[in-house]
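Geometric and topological summary
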Amino acid sequence: MTRRFAFVGPTLPPDARPDNGFVYLPPIRHGDLFALAPDPGDQILIIDGVYQHFAPIRHKEILAQLGRGVRVAGAGSLGALRAAELDGFGMRGFGHVYAQARAGLLVADSDVAVLHADDSAGARGLTLPLVAVRHAARELSGSGELDAGAAAEVERLATGLHFTERSARSLLHHAGPAREAVEAVLARIALRGDVKRQDALLALRSLAAGTSGDAPSATGTGLEAEVPSAGDPAAVWGSSYGREWEFEHRRLAPGSPVGARLALACLQLFAADFPERHLAYVLRLAGSAVGRQAAPRILGAAGFPPAPRSDALLARATAATGGWMAEERLLARTFRLPPGRLVYHDLPPEALAGAGPAEVERWCLRLLRPDGRPGVPEARCHAVLRDLWQAGSDHEYRLSVLERGFRDEAEAARLARAFDLDLVDSLARTAA
């Protein structure tokens, strides 16, 4: 069954959203599409999105969904900008704002941005978007209701105000001799609604009806808001960052409160035998068909000289790798997935070691830091992990980090902060 989702905020407050089969979600931010996990054929409309206090929706995240056959469209606000940027890759665009962006006349997120309340307060816009003021001024000028010079002055005033200060009151305060023109523009916006809202409603109607929804020519562009070709739905828009972002936002299982990346972190950090699991994973991906004795052959084929049996940097044994060959230590601690940045981008069977998702979820939920409790300092994370892994020196701690599949100590500490390290320390001391 095809599902429809719309990410929307102040452009279309709750009382203005039509009941037409769309599930309305808050303004989109980075990771929301990965967390939503839409199915091929599902429809997503992006209208509003955050971009200042949170990471904005990234292009690769949208491309990943398009490559899987999810239908993604944009209109009105940030969605219109992303649609204009990705219209050659299958993202559809609707309305005047999209047409302006596609023509290169609107390029900044701040042109569509507003200060607003959240949905609990009615998603009320507290300022006016520049595109709304510009569109109303040009409509009035085009119909002869406003002198072209006066319309240009209103645009100049609006452009000179930061989006967080561009309210009706502020425009009137700064209007000076142009006050009458500003009042006319504000009256037009109040009468017809701003252009972002018009575009959002157009997109919702068109997608619900299954029509193209082409808008009339955007004022001053001579272009129509055309729907681009769908592109190649089988295209793979992959990158190491995209894979990492998706992994961080994917659920351990449908409906699980625990993310897949957090579940892996729980195992990496706290499973005593995780270095063995990591080595098994590395050997499988490195192409070993004959087991652990293949490590020297794999490294030799890659151009590595035989690892010394002394206490050389990467040959030194830690508490968890005393029984490993020196080549195994070298392979486990230097392994990276192509193109060379990530160690993991999924939760492989070797990491689970036969445990099911429900069991791993229980472990994570027991050890996760309670909501509201502040995270511990990074130095505390390192101290707890060093004790837990029986690392006798800073150097041995760095090696322990690598043999558990972390890129570096910073990544280990970042992930450890999600857990109740006081509880972990207490359990470790009780077990000892």
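For the structure, see preceding data.
The structure contained in this document is the topic of the report that follows. (Residues numbered from 1 in each chain as written. Predicted model: local features only at pLDDT ≥ 70, side-chain atom pairs only at ≥ 80, totals over all residues. Heavy atoms only, no water.)

**As for the overall build of the protein**
Looking only at helices and strands, the protein features 20 helices and 5 strands. Relative to its 432 residues, the protein shows a buried fraction of 49%. The long-range share in the protein, meaning contacts at least 24 apart out of those at least 6 apart in sequence, stands at 68%. (Helix = DSSP H or I, 4+ residues; strand = E, 2+ residues; numbered from the N terminus. Buried < 20%, exposed > 50% of the residue type's maximum accessible area, 1.4 Å probe, protein only. Contact = heavy atoms within 4.5 Å.)

**Quick word on the pairing of strand 4 (residues 71–75)**
Judged by how many residues are buried, strand 4 sits mostly within the fold: 4 of 5 residues are covered. Bridge count for strand 3 (residues 43–46) against strand 4 is 4 bridges, and the pairing is parallel. By the bridge assignment, Ile-44 is partnered in strand 4 with Val-72. (Pairing = 2+ DSSP bridges.)

**Description of the nonpolar core**
Buried together is how nonpolar side chains tend to be arranged in soluble globular proteins. In terms of nonpolar packing, the biggest core is built from 49 residues, with Leu-269, Phe-270, Leu-347, Val-360, Phe-419 and Leu-421 touching the most fellow members. With 8 residues, the top contributor of residues to this core is helix 11 (residues 260–270). Beyond its immediate sequence surroundings of up to four residues, Leu-269 is in contact with Leu-385, Leu-388, Trp-389, Arg-404, Phe-406, Ala-412, Leu-415, Ala-416 and Phe-419. Residues Ile-62, Leu-66, Ala-80 and Met-91 belong to the second largest nonpolar core, which totals 26 residues. (Core = buried A, V, L, I, M, F, W, Y, C linked by side-chain atoms within 4.5 Å.)

**Brief notes about the sheet that holds strand 2 (residues 22–25)**
Taken together, the 5 strands give an open sheet; going across it, the order is 2-1-3-4-5, and neighbouring strands pair in parallel fashion. On the outer flanks of this sheet lie strand 2 and strand 5 (92–94), each paired with one strand and no other. Going across the sheet, the axis of each strand differs from the next one's by a mean of 20°, ignoring polarity. Examined bridge by bridge, strand 1 (residues 4–7) and strand 2 share 4 bridges and lie parallel to one another. From the neighbouring strand, Ala-6 faces strand 2, where its bridge partner is Tyr-24. Strands in contact with helix 9 (residues 195–209) are strand 1, strand 2, strand 3, strand 4 and strand 5; relative to strand 5, the strand with the most contacts, it is inclined by about 130°. (Axes fitted to C-alpha atoms, helices over the stretch in contact; angles between N-to-C directions.)

**Describing the environment of Val-401**
Tracing the backbone through its elements, the reader meets Val-401 in helix 18 (residues 394–403). We classify Val-401 as buried; its relative accessible area is 1%. Separated by 126 residues in sequence, Val-401 and Pro-275 place their C-alpha atoms 9.5 Å apart. Ignoring anything within four residues of it in the chain, the contact list for Val-401 reads Trp-389, Phe-406, Asp-408, Glu-409 and Ala-412.

**Observations regarding the pattern of salt bridges**
Between side chains of opposite charge, a pair can form when the charged atoms approach closely. For the structure on display, the rule yields 24 salt bridges. Salt-bridge contacts for Glu-155 lead to Arg-138; the nearest nitrogen and oxygen are separated by 3.0 Å. Within this pair, whereas Glu-155 is found in helix 6 (residues 148–159), its partner Arg-138 is found in helix 5 (residues 130–142), the two being separated by 17 residues in sequence. Among the residues examined, Glu-155 registers a relative accessible area of 15% and is labelled buried. Among the charged side chains, a network of salt bridges with common partners joins Glu-244, Arg-261, Arg-341, Arg-407 and Glu-411. (Salt bridge = Lys/Arg side-chain N within 4 Å of Asp/Glu carboxyl O.)

**Examining the packing of helix 12 (residues 274–285) against helix 14 (residues 326–334)**
In the contact formed by helix 12 and helix 14, the axes pass within 9 Å of each other and the chain directions differ by 85°. With respect to helix 14, the element helix 12 is oriented roughly perpendicular. Of the residues in helix 14, those touching helix 12 at His-278, Leu-279, Val-282 and Leu-283 are Glu-328, Leu-331 and Ala-332. Partitioned by chemical class, the residues of the contact of helix 12 with helix 14 number 5 nonpolar, 1 polar and 1 charged. (Parallel < 35°, antiparallel > 145°, perpendicular 65-115°, else oblique. Nonpolar A, V, L, I, M, F, W, Y, C, P; charged D, E, K, R; others polar.)

**A few points about the packing of aromatic side chains**
For the structure shown, the criterion picks out 7 aromatic pairs. Centre to centre, the rings of Trp-389 and Phe-406 are 6.5 Å apart; their planes meet at 25°, and the pair counts as stacked. Taken together, the residues span a long stretch of sequence, with Trp-389 in the loop between helix 17 (378–388) and helix 18 and Phe-406 in the loop between helix 18 and helix 19 (409–416) at a distance of 17 residues. The residues Trp-389 and Phe-406 share a single accessibility class, namely buried. Of the aromatic side chains, those joined through ring pairs into one cluster are Phe-274, Tyr-281, Phe-335 and Tyr-344. The ring of Trp-245 carries the charged tip of Arg-58 above its face, separated from the ring centre by 4.6 Å. Directly above the ring of Tyr-241 sits Arg-341, whose terminal nitrogen or CZ lies 3.7 Å from the centroid. (Phe/Tyr/Trp six-rings, centres within 6.5 Å; stacked < 30°, edge-to-face > 60°. Lys NZ or Arg CZ within 6 Å of the ring centre and 35° of its normal.)

**A look at helix 11**
Most of helix 11 is tucked away, with 10 of its 11 residues classed as buried. Those residues of helix 11 that sit buried are Ala-260, Arg-261, Ala-263, Leu-264, Ala-265, Cys-266, Leu-267, Gln-268, Leu-269 and Phe-270.

**Topic: the side chain of Arg-166**
Summarising the element assignment, Arg-166 is placed in the loop between helix 6 and helix 7 (168–175). One buried charged residue, Arg-166, forms no salt bridge at all, with the nearest opposite charge on Asp-111 at 6.0 Å. Here Ala-158 takes part through its backbone oxygen, which lies 2.8 Å from a polar atom of the side chain of Arg-166. Residues within four places of Arg-166 in sequence aside, it is in contact with Ser-110, Ala-113, Thr-127, Leu-128, Pro-129, Leu-130, Ala-158 and Leu-161. (Lys, Arg positive; Asp, Glu negative; His and termini not counted. Polar contact = N/O pair within 3.5 Å; in protein donor to acceptor, adjacent residues only side chain to side chain.)

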